[in-house]
Amino acid sequence: MWPPAGPGWWRGRALAAWVTRAACPGLPWPPRGGTLGAAGESWGLSRLYSSAERKEKVDMSRFPVENIRNFSIIAHVDHGKSTLADRLLELTGTIDKTKNNKQVLDKLQVERERGITVKAQTASLFYNHEGKQYLLNLIDTPGHVDFSYEVSRSLSACQGVLLVVDANEGIQAQTVANFFLAFEAQLSVIPVINKISAKIGTNVESVLQAVIERIPPPNAHRKNPLRALVFDSTFDQYRGVVANVALFDGVVSKGDRIVSAHTQKAYEVNEVGVLNPNERPTHKLYAGQVGYLIAGMKDVTEAQIGDTLYLHKQPVEPLPGFKSAKPMVFAGMYPVDQSEYNNLKSAIEKLTLNDSSVTVHRDSSLALGAGWRLGFLGLLHMEVFNQRLEQEYNASVILTTPTVPYKAVLSSAKLIKEYREKEITIINPAQFPDKSKVSEYLEPVVLGTIITPDEYTGKIMMLCQARRAVQKNMIFIDQNRVMLKYLLPLNEIVVDFYDSLKSLSSGYASFDYEDAGYQTAELVKMDILLNGNTVEELITIVHKDKAHTVGKTICERLKDSLPRQLFEIAIQAAIGSKVIARETVKAYRKNVLAKCYGGDITRKMKLLKRQAEGKKKLRKVGNVEVPKDAFIKVLKTHSDK
């Protein structure tokens, strides 16, 4: 059930109060009568319109700017965004109404497997309201915090949002975070309560009416020179880059010569159209409309998200574009076989075109060869990126333990001359210099801001202290919320700080950070050994005080993750030559005494001794391979005790 809330609900406290009342029995909800009656005629008209138009290219000039509404659906994860989008597509006749319509806009295999949206998707809906044909451009967005960059980019192409709240769950962390993203972008906010379920489509008609009545048309002018913002893009191996664009001014059509404000390269437009929800070519796209554009861009580096496109010889002021994303987790990525390096390079370039929040830097390893150091917004983001590489590009990769860039101040003039600088930056843990070569180590720190309900303050302060944080400030924003400022080592937050914070605060605490330079720290390089051989992918730089705890945790995780062999596996964490933690994976063992029914003990001892010698010999020649899923399991440390 999808009743839109009343005007003025966008204010923060009123928002919370409205949801609280919504969960109480006896509250007056918007009238349900006529949902299927009055809606039927409108639904039929829009369906006839769209069915007829499918046979030929749509004339987009039929939709003046005042009849266009561009909006996104935003919410906390799993609050019903994709389900509402499915019902809107059915109601407007964009798709046929069947029982199989689930996550229609979630086109990626990883989205359907995990049941979450990881990529914003666009759909143009044709809807008849009070005798007028409206063009509704809908963008369905992700709900997880790791994909908030997708939300912020999508909002740039919109004038309003539907803020969905599950009445059973209430307002959650991303509800508030997404609300403020829309509020800062000065968009109209229509709150929608998912009271029970959207599967039957009750009151969805009133949501569409609210979109038309409450969201303003875009401020765009057809007569002005073309200005188009590229807010998303994908790569097609046959047609090149397919750019999703929002037209702020002007008109674009097939055959036009356009120029990229970023590269200053000129292209000829091969095709324009709208997503309905699949690609549907049109004659032209006009100011205020959202669609796709193909212009023969064959190189993925030519299509920059946030770029402005304009007509040749008609230069315009470029649009502001987007802020770059802040990577929270850094990890090395290497091909399993170096012969696949170029294929993996091409796959990463094409995937980062579609997911611009990933940062990429070239890297190399003695054991793993050439690869890349990638920056992600979180662990889920990293897992999804890896899964998409496997599913969409059939790429098999090795991921290393996440890390951050450290610095070392060299101690001798000879070393300074060798490195050509006194202060060196270490991105790869395997290249961490020995203590004898440096006077001090430096680690990156950030100034973190945590906003939380005051009832969780004590637990969060204990979490921060366990992560070597230094409290800088504490302010009560209002009667219920507290803002904490901490100076945190970046290494302490890159892996599971978000998870721990959300767990302690029931998802209500929000976290942001900004760079605060470097500080001196007692750092050590910890090696992970399997039967005496170093696993370079698991080399970790840790603070001296936490070395034993981290080493023990990694050994325990590996013990649970590694498959048993016919020989014993010794898992060790070592600093230099000193072993600080050890776990053992027991060997598979055949019962060699099964055939002995009594008799002399020396016979049994002889059989056991022969078995032990065989295991010892096998251990010398046997190789231990760490499965890829074991790396992901090792990344998450135990919760702080």
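Everything numeric in this text was worked out from a predicted model, so none of it was measured.

A.B. asks: Give me the pattern of salt bridges: which residues, what numbers.
C.D. replies: Charged atoms that come close allow side chains of opposite charge to pair. One pass over the structure, following the stated rule, counts 12 salt bridges. With its nearest N and O atoms 3.0 Å apart, the salt bridge here joins R468 to E492. Note that R468 is positioned in the loop between α11 (457-466) and β23 (470-476) and E492 in the loop between β24 (481-489) and α12 (497-504), a separation of 24 residues in sequence. The class for E492 is buried, based on a relative accessible area of 10%. Residue K552 is joined to E556 by a salt bridge in which the shortest nitrogen-to-oxygen separation is 2.5 Å. With K552 and E556 both in helix α13 (residues 547-561) and 4 residues apart, this pair spans about one turn of that helix. Judged by its relative accessible area of 36%, K552 falls in the partly exposed class. Linked through salt bridges whose partners overlap, the residues forming this network are E443, R468, E492 and K546.

A.B. asks: Before we move on, could you go through the side chain of N67 and cite the residues and values that matter?
C.D. replies: Take N67: it is sitting in the loop between α2 (37-53) and β1 (68-75). Leaving out residues up to four positions away in the same chain, N67 has contacts with K132, Q133, Y134 and L135.

A.B. asks: Quick rundown of the nonpolar core? Include the residues and the values.
C.D. replies: L389, I450 and F511 are the most contacted members of the largest nonpolar core, which totals 53 residues. At 5 residues, the largest contribution of residues to this core is made by helix α8 (residues 341-354).

A.B. asks: An account of the confidence of the model for the protein chain is needed here, citing residue identities and associated values.
C.D. replies: Of all residues in the protein chain, 81% have pLDDT values of 70 or greater, and the mean over the chain is 78. Segment residues 6-55: pLDDT under 50, and 81 contacts once partners within four positions in sequence are set aside and those in other chains are kept. Under a pLDDT of 50 for its full length, residues 636-641 has, in the predicted model, 15 contacts with residues more than four places off or in other chains.

A.B. asks: An account of the sheet that holds β1 is requested, with residue identities and associated values reported.
C.D. replies: One open sheet accounts for 5 strands, arranged β2-β3-β1-β4-β5; its pairing is mixed. A strand with exactly one partner marks an edge of an open sheet, and here the two such strands are β2 (121-129) and β5 (188-194). The mean angle between the axes of side-by-side strands here comes to 25°, regardless of whether they run parallel or antiparallel. Both strand β4 (residues 160-166) and β5 contribute to a ladder of 7 bridges, which runs parallel. Among the inter-strand pairings, V161 is bridged to a residue of β5, identified as V189. With respect to the sheet, helix α5 (residues 148-155) is in contact with β1, β3 (132-140) and β4, its orientation differing from that of β1 by roughly 165°. Sheet strands touched by helix α7 (residues 204-214): β1, β2, β3, β4 and β5. Its angle to β2, the strand with the most contacts, is close to 90°.

A.B. asks: How would you explain the packing of helix α3 (residues 81-91) against α7 if you had to name every residue and give the values?
C.D. replies: Helix packing geometry: the angle between the two helix axes and the distance between the axes. Running from amino to carboxyl end, α3 crosses α7 at an angle of 85°, the nearest separation of the two axes being 10 Å. Relative to α7, the element α3 lies roughly perpendicular. Two secondary-structure elements touch here, α3 through L84, R87, L88 and L91 and α7 through V204, E205 and L208. Per-class residue counts for the contact of α3 with α7 are 5 nonpolar, no polar and 2 charged.

A.B. asks: Can you break down the packing of aromatic side chains residue by residue, with the values?
C.D. replies: Taken as a whole, this structure holds 6 aromatic pairs when the rule is applied. Ring plane angle 5° and centroid distance 4.8 Å describe the contact between Y341 and W372, whose orientation is recorded as stacked. Residue Y341 is located in helix α8, and its partner W372 is located in strand β18 (residues 369-376); the two are separated by 31 residues in the primary sequence. There is no split in this pair, since Y341 and W372 are both buried. Consider the rings of F432 and Y441, whose centres lie 4.6 Å apart with planes at 25°: the pair is stacked. Pair check on accessibility: F432 and Y441 agree, each one buried. Of the aromatic side chains, those joined through ring pairs into one cluster are F179, F180 and F183. A cation over a ring is seen here: R222 above Y286, with NZ or CZ 4.3 Å from the ring centre.

Analysis parameters
Residues numbered from 1 in each chain as written. Predicted model: local features only at pLDDT ≥ 70, side-chain atom pairs only at ≥ 80, totals over all residues. Heavy atoms only, no water. Salt bridge = Lys/Arg side-chain N within 4 Å of Asp/Glu carboxyl O. Helix = DSSP H or I, 4+ residues; strand = E, 2+ residues; numbered from the N terminus. Buried < 20%, exposed > 50% of the residue type's maximum accessible area, 1.4 Å probe, protein only. Contact = heavy atoms within 4.5 Å. Core = buried A, V, L, I, M, F, W, Y, C linked by side-chain atoms within 4.5 Å. pLDDT = per-residue confidence, 0-100. Pairing = 2+ DSSP bridges. Axes fitted to C-alpha atoms, helices over the stretch in contact; angles between N-to-C directions. Parallel < 35°, antiparallel > 145°, perpendicular 65-115°, else oblique. Nonpolar A, V, L, I, M, F, W, Y, C, P; charged D, E, K, R; others polar. Phe/Tyr/Trp six-rings, centres within 6.5 Å; stacked < 30°, edge-to-face > 60°. Lys NZ or Arg CZ within 6 Å of the ring centre and 35° of its normal.

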